[in-house]
Amino acid sequence: MIIQSINPSLKNAKISFLQKDLNAALDSAQTILNQAEENDSLDESISSKIFIAKIYCTKGRYVGGDQYFFKAFEVLDSIDESSINERGILDFFLTKSEFYSLKKDVGRAQKYAELAFQKSQKEDNTSGIVQSLLAKVEVFMLRNQFTEAADLTNKSLTFLKEKEEPILKAKAYNLLCKIRIKQQDYNEILEYGKEVLAISQEYGDIEKEIIATSNLGVYYATRLDYKSAIEYFYSSLEKSKVIQFDRQTAQNLINLGTIYARLFNPQESLSNYQAVVEKYDQVLVDTTKTIIFNNIGNIHFEEKSYEESKKHFQKSLALAEEIKYTEMIALALAHLGKLSCEENDFGMAMSYADRANELLEDLGDVNAKSINILNFAKLAHHSGDFETAILHLKEGIEISKKVRNEENEIACYRLLAEFYKDKKDFENAFQFKSLYAEKQEDYLKKQRNRQILDQEITFATREKEQQIEALTQANQLQAMLLKKQEEVERANEQLTQANEELKQFAYVASHDLKEPLRMIGSYTQIINRKFASELDENTQTYFHYVTDGVERMNNLLDGLLKYATVGRGAQELKVIDLNDTLLICQANLRLLIGETKTKLEADKLPSILGIGSLLSQLFQNLISNAIKFRNKDTIPEITIRSEEKETEYLISIKDNGIGIKEEYKERIFVIFQRLHAKTDYEGTGIGLAICHKIMQRMGGKIWVESEYGEGSTFFFTFPKPVGISS
Ligand code: ADP
C-alpha cells in the first residue's frame, strides 16, 4: 500500500487498516478527506479518496456485498485522473486494478496493472514493480492460468531483497500458496505459510496471518495430519470472525466440515457445514454451495436419515442445474438414484440413474460414475437380470478404484457376493465375500483409527480389543459361512458404539478436564503473584492448597491418560528377555534403591513374548511399590522368582513391606484405589491398574498374596512362547 503520509492522522488510519479495523480506518480516512477539502488541499484529498476506495474494496472482498464495490467505484470515479500528482498516480492505478479484479473485470484489471507496472519501472520503484506484478497475478488467477500466475509471483519475489518490504513479501507468499492449492501442489505451503505467520505477527498484519494460518491447515490436511489441520483452521476461524472476514470464515468452516467428515465424525462435520450455509450464505459462490449441499446430503445418507439426505441432494441438484455445473448435476442425480434404491423406489431410481448416465458419458471416470454404476447393478438385479448386474458391479470395482471411492468398491464386493449366493454359485460368492470381508475390515480399521485420532488418544482397553478381535474373526468366518451376515453387522454396530464410548472418554479427559484445570492453575498463580505481598499467612496457605490441589488433579489426569493409552498402537509382541527388562528397571530406580539400601535378589528369568516398554513399566511399578510400601525402620528386601509351568511362566515379586489386608487384594488393581492417605504414602492409585492392563495385553494374569504386616508377593504369568526356552 502506498499512501503518502502527509497528514499524521493518515498514519492512524493506516494502522487501523493493517489491523483490519475497517470501520475505524474508514472514519479516520473520511475525517482526513473532510479536512483536505476544507483546506482545498487537492493532493491530500485525492490520496484519502484512494485510500477510502481501498477500504471499501477490502470490505467488499470480506463480506461479498456489491454495495461496497459500488461505493468504491463512486469514490474512484470522483477522482479526476489528470489532477493526480506523480506520487499518487501509481496508487490510483493499483487500486483500480484491485477494484476491477474484485469485480472480475479481467480486461480493465489487466490494463491498470500494466499501467502501474510501466510507471513503477520508469521510476525504478521496487515496491511498485512488485505490487503491479502481483496485481497481474490476480488477473492470471481470474483466468485460471495458474502456471503463469505462479511464475510471475516467483518473479516478483526476485525483486525483493532480504529484509525489504516484508509485508509485500508476505502478500506474495500467500498468493503463491493460494495458487499451489489450486494446482493441488502442497509442498511449498509449509515453508511459505510459516514465513508469512512470522512476518504478519511481527507487523500486526492480521489478514495475512489469518490466510497463512488457514493455508497451513490445508497443508497439514493434505499430509493427513488432521490434528494440526484442525488446530490451524480453528485458529484462523477465530481471528477471521473477529475482523469479520466472512469469506475466510466460511472457508475455514468448510475446511473443518471436510476434515471432520474424514475423521468420521458426522455431527461435527454437519455442524460446521450447516453454520456456513446458515450464516455465510452471501459470501458463498454457487459452485461451493452445490458441493456443500452434496456433502451434507452424504453425511445424512451415511447416518441413514434419508429424508434430510434427499432434501440436500435435491438442493444440490437444483443449484447445479441453475449454474450448469455438469459434474455436480451428475453426482446429485447418482446420489438420488442411490437413495431411491435404498428406499426400494426402483422407478425413481431408474429415472435418476438414466439422467445421470447421459451426463456421465462426457465426463469420463468421475466419482458420480462409480456411484451410478452401482445403481444400475441394483436395478438390473431388481429386474432379474443377473448377468448385467454382475457386469456392472465388476466395472464398478474398477472405476471405484480409479476414483478412490473405497466405500463404493466395498459395496460392489458385498453385492457381488450376495448376487452370486442368490444364484447358488457358492464358489464365486465365497470369493467375493472373502474380498468384502478383507476390505471391510481394513476400512473399519481405518475409520476407527481416524475416529480415535479425532480425539488425540486411544482408550484401548482389553475389552474393546476383544470386541475388535471378535469382529475380525467374524469377518474371516463369514467368508465360509455366508449366512452369518447378520452377526457381523451386529458386531460392526457394537464396534461403532465402542468407538463412540472411546471418543467420549478421551474427549473428556483431554479437553474438558485438563483445559479448565490449566486455567485455574495459571490464574491462581497470577493472582497470587499480584497480591502476594498483601496476603496474610492464612490466605497464603489457602493459595498453597489450591495450587497443590491443581497439581494433584493434573497428575491424576496424566495418570488416567496413561492408563487409557497403555499398549496403544499396533505394536507386535516380540521375544523379550526379562533379565534385560529387570536390568533396565534397576537402572531407572537406582537412586531409590540406593537411598533405601534395598536388597534385591532375582532368579534367572525367562524370555517371553511381550512388548518391551510395557514390561519395563510393569516391573518398575511393582518394584517401586515394594520399596514405597516398606515397614518403617526396616530395610526393604525384594525377591524375584521364576517358575516354569507346563504352559506358562510364573514370576513373583516378593517384599517384606507393610502387606495388604485380605479384603483389599482385588481392589488395589482398580484404578484410583489406594489404601492410604496421601500424607502417609504418595501416589495416585494408577500404577497397579496399569500393571493389570499390561498383563491383559500380554495374555497373562496378575494377582497378589499377602500377610498383613509381613509383606506382599505379586504374581504374574506369561504364556510360554512356542520354540523358546529359558
Ligand atoms: P499408588 O502406589 O500410586 O498408590 P498403585 O496402584 O500402585 O497406586 O497401588 C494401589 C495401592 O495398593 C497402594 O496405594 C497401596 O495401598 C497398595 N499397594 C501396592 N503395592 C503394595 C505393596 N508392595 N505393599 C503394600 N501395599 C501395596
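Residues numbered from 1 in each chain as written. Predicted model: local features only at pLDDT ≥ 70, side-chain atom pairs only at ≥ 80, totals over all residues. Heavy atoms only, no water.

**Points about the site of the ligand**
1) Next: Taken together, 21 residues lie around the ligand, and Asn625, Asp655, Arg674, Thr684 and Leu688 are the ones closest in.
2) Next: One of the side-chain N or O atoms of Asp655 is found 2.9 Å from a nitrogen atom in the ligand.
3) Next: At 2.8 Å from an oxygen atom of the ligand is found a main-chain nitrogen or oxygen belonging to Leu688.
4) Next: Protein chains shield 97% of the accessible area of the ligand, which is 530 Å² for the free molecule.
5) Next: For the shell around the ligand, the secondary-structure elements that each account for two or more residues are helix H28 (612-628), helix H29 (687-697) and strand E7 (711-719).
6) Next: The element that contributes the greatest number of residues to the shell around the ligand is H28, accounting for three residues.
7) Next: Residue composition of the shell around the ligand, by class: nine nonpolar, nine polar and three charged. (Near = heavy atom within 4 Å. Polar contact = N/O pair within 3.5 Å; in protein donor to acceptor, adjacent residues only side chain to side chain. Areas by Shrake-Rupley, 256 points an atom, 1.4 Å probe, with all protein chains shown as cover. Helix = DSSP H or I, 4+ residues; strand = E, 2+ residues; numbered from the N terminus. Nonpolar A, V, L, I, M, F, W, Y, C, P; charged D, E, K, R; others polar.)

**Let's talk about the nonpolar core**
1) Next: Judged by nonpolar contacts, the single largest core of 57 residues is most densely connected at Val137, Ile179, Ile259, Val276 and Ile292.
2) Next: Those residues in contact with Val137, other than ones at most four positions away along the chain, are Ala149, Leu152, Thr153, Leu175 and Ile179.
3) Next: In terms of nonpolar packing, the next biggest core, distinct from the first, is built from 42 residues, Leu10, Ala25, Phe51 and Tyr112 among them. (Core = buried A, V, L, I, M, F, W, Y, C linked by side-chain atoms within 4.5 Å. Buried < 20%, exposed > 50% of the residue type's maximum accessible area, 1.4 Å probe, protein only. Contact = heavy atoms within 4.5 Å.)

**Some thoughts on the environment of Asn405**
1) Next: Along the chain, the position of Asn405 falls in the loop between helix H20 (386-402) and helix H21 (406-422).
2) Next: The class for Asn405 is buried, based on a relative accessible area of 15%.
3) Next: Separated by 34 residues in sequence, Asn405 and Ile371 have C-alpha atoms that sit 8.7 Å apart.
4) Next: Once residues within four sequence positions are removed from consideration, Asn405 is found in contact with Asn367, Ser370, Ile371 and Ser400.

**With respect to the sheet that holds strand E2 (residues 599-602)**
1) Next: Taken in spatial order, the five strands make up an open sheet running E2-E4-E5-E7-E6, and their pairing is mixed. With partners counted over all chains shown, the strands left at the sheet margins are E2 and strand E6 (702-707), one partner each. Adjacent strand axes in the sheet meet at a mean angle of 15 degrees, parallel and antiparallel pairs treated alike.
2) Next: The pairing of E6 with E7 spans six bridges and is antiparallel. Its bridge partner lying in E7, Glu705 is registered against Thr713.
3) Next: Relative to the sheet, H29 contacts E6 and E7, its axis offset from that of E7 by approximately 25 degrees. (Pairing = 2+ DSSP bridges. Axes fitted to C-alpha atoms, helices over the stretch in contact; angles between N-to-C directions.)

**Let's talk about the pattern of salt bridges**
1) Next: Applying the stated criterion across every chain yields a total of 24 salt bridges.
2) Next: A salt bridge links Lys402 to Asp365; the shortest N-O distance between them is 3.0 Å. Pair noted here: Lys402 is in helix H20 and Asp365 is in the loop between helix H18 (346-360) and helix H19 (367-382), with a separation of 37 residues, a long-range link.
3) Next: Overall, the relative accessible area of 34% leaves Asp365 in the partly exposed class. (Salt bridge = Lys/Arg side-chain N within 4 Å of Asp/Glu carboxyl O.)

**Describing the packing of helix H14 (residues 266-279) against helix H15 (residues 286-302)**
1) Next: Contact pair H14 / H15: the axes reach a minimum separation of 10 Å and the direction vectors enclose 150 degrees. The orientation of H14 relative to H15 falls into the category roughly antiparallel. Pair H14 / H15 crosses with left-handed handedness. Across from Pro266, Ser269, Leu270, Tyr273, Gln274, Val276 and Val277 in H14, the residues of H15 making contact are Ile292, Phe293, Asn295, Ile296, Ile299 and His300. (Parallel < 35°, antiparallel > 145°, perpendicular 65-115°, else oblique. Left-handed = near helix turned anticlockwise from the far one by under 90°.)

**Details of the packing of H19 against H20**
1) Next: As a packed pair, H19 and H20 sit with axes 8 Å apart at the nearest point and diverge in direction by 165 degrees. The angle between the axes of H19 and H20 places the two elements in the roughly antiparallel class. Between H19 and H20 lies a crossing of left-handed hand. Residues Lys369, Ser370, Ile373, Leu374, Phe376, Ala377, Ala380 and His381 of H19 touch H20, and the partners they reach there are Thr388, Ala389, His392, Leu393, Glu395, Gly396, Ile399 and Ser400.
2) Next: Of the residues belonging to the contact of H19 with H20, the class tally is eight nonpolar, six polar and two charged.

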